[in-house]
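Tertiary structure, described
One letter stands for each residue in the lines below.
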Amino acid sequence: MDLMLKDKVAIVTGATGICKSVALCLGSEGMDVAVSYLTDIDKKAASETIKTINNMGKKASMFPLDLMNLKDISNMVDNVIERFGKIDVLVNCAGVCTSVLAENVTEEQWDLDTGVDLKGLFFCCKEVFNKS
């Protein structure tokens, strides 16, 4: 199926699980892809993903990103634009989910979940919208 994504540029936040699958799918559709990572495990997955996309004949890069840090988000968007010249698609895929009963959720767990899943998503959208 041709999704008409050839020669477009995507950012995929996250590097493992569904995020990795999305990045590989976009690469297979002809997109250049930027993936983000936070941990060493994420960095290894991101490295594997960009190698696979590069082997498809497309450009791919990985960038560090802490979705709780607005400066990181801004830097990542700037770096993607510098590397690829544009951003056509943003896939806010990275997320966290505290696996604990609601009555046992701590403030730290709540702040992490909402920080990554809401704050990070919003400010990624804002930065891409304002800069591309």
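Everything below is about the structure shown above.
Structural notes, computed from the coordinates. None of these values were measured; they are calculated from a predicted model.

Rules of the game
Counting restarts for each chain: residues are numbered from 1 in the order of the written sequence. With pLDDT at 70 or above as the cut-off, local features in this predicted model cover only qualifying residues; side-chain atom pairs require 80 or more to be listed or tallied, and sums for whole chains, interfaces and linings still use all residues. Here the side-chain values reflect all heavy atoms present in the structure, with hydrogen atoms and water set aside. By convention, a stacked pair of Phe, Tyr or Trp rings (six-membered ring in the case of Trp) has centres within 6.5 Å and planes under 30 degrees apart, an edge-to-face pair has planes over 60 apart, and any other such pair is tilted. Only protein chains enter the calculation, and the probe is 1.4 Å; a residue is then buried if its accessible area is under 20% of its type maximum, exposed if over 50%, and partly exposed in between. Counting as a charge over the ring demands two things of the Lys NZ or Arg CZ atom: a distance within 6 Å of the ring centre and an angle within 35 degrees of the ring normal. Secondary structure elements are defined from DSSP: runs of H or I of at least 4 residues count as helices, runs of E of at least 2 residues count as strands, and each element is numbered from the N terminus. Residues adjacent in sequence count toward polar contacts only when both atoms are side-chain atoms; beyond that, a polar contact is any pair of N or O atoms within 3.5 Å, and within protein one must be able to donate a hydrogen and the other to accept it. We call two residues contacting when some pair of their heavy atoms lies within 4.5 Å. Two strands make a pair as long as DSSP finds a minimum of two bridges between them. The crossover handedness rule: strands pointing away from the viewer, path from first strand over the helix to second strand clockwise, crossover right-handed.

Counted by the stated rule, this structure contains one aromatic pair. Measuring from centroid to centroid gives 5.0 Å for phenylalanine 122 and phenylalanine 123, while their planes differ by 90°, and the two rings are edge-to-face. Phenylalanine 122 sits in the partly exposed class, given a relative accessible area of 48%. Phenylalanine 123 gets classed as partly exposed once you look at its relative accessible area, which sits at 23%. Sitting over the face of the ring of phenylalanine 84, arginine 83 holds its NZ or CZ atom 5.0 Å from the ring centroid.

We now examine the side chain of threonine 98. Mapping threonine 98 onto the fold places it in the loop between β4 (89-91) and α4 (107-131). Within polar-contact distance, the side chain of threonine 98 engages the side chain of aspartate 113 at 2.8 Å. When residues no more than four places from it in sequence are discounted, the contact partners of threonine 98 are Gln109 and Asp113.

Turning next to the pairing of strand β1 (residues 9-12). Both faces of β1 are covered, namely the face carrying Val9 and Ile11 and the face carrying Ala10 and Val12. Taken together, the four bridges between β1 and strand β2 (residues 32-37) define a ladder with parallel strand orientation. Looking at the pairing, valine 9 lines up with aspartate 32 of β2. Between the parallel elements β1 and β2, the chain passes through helix α1 (residues 18-28) in a crossover that is right-handed.

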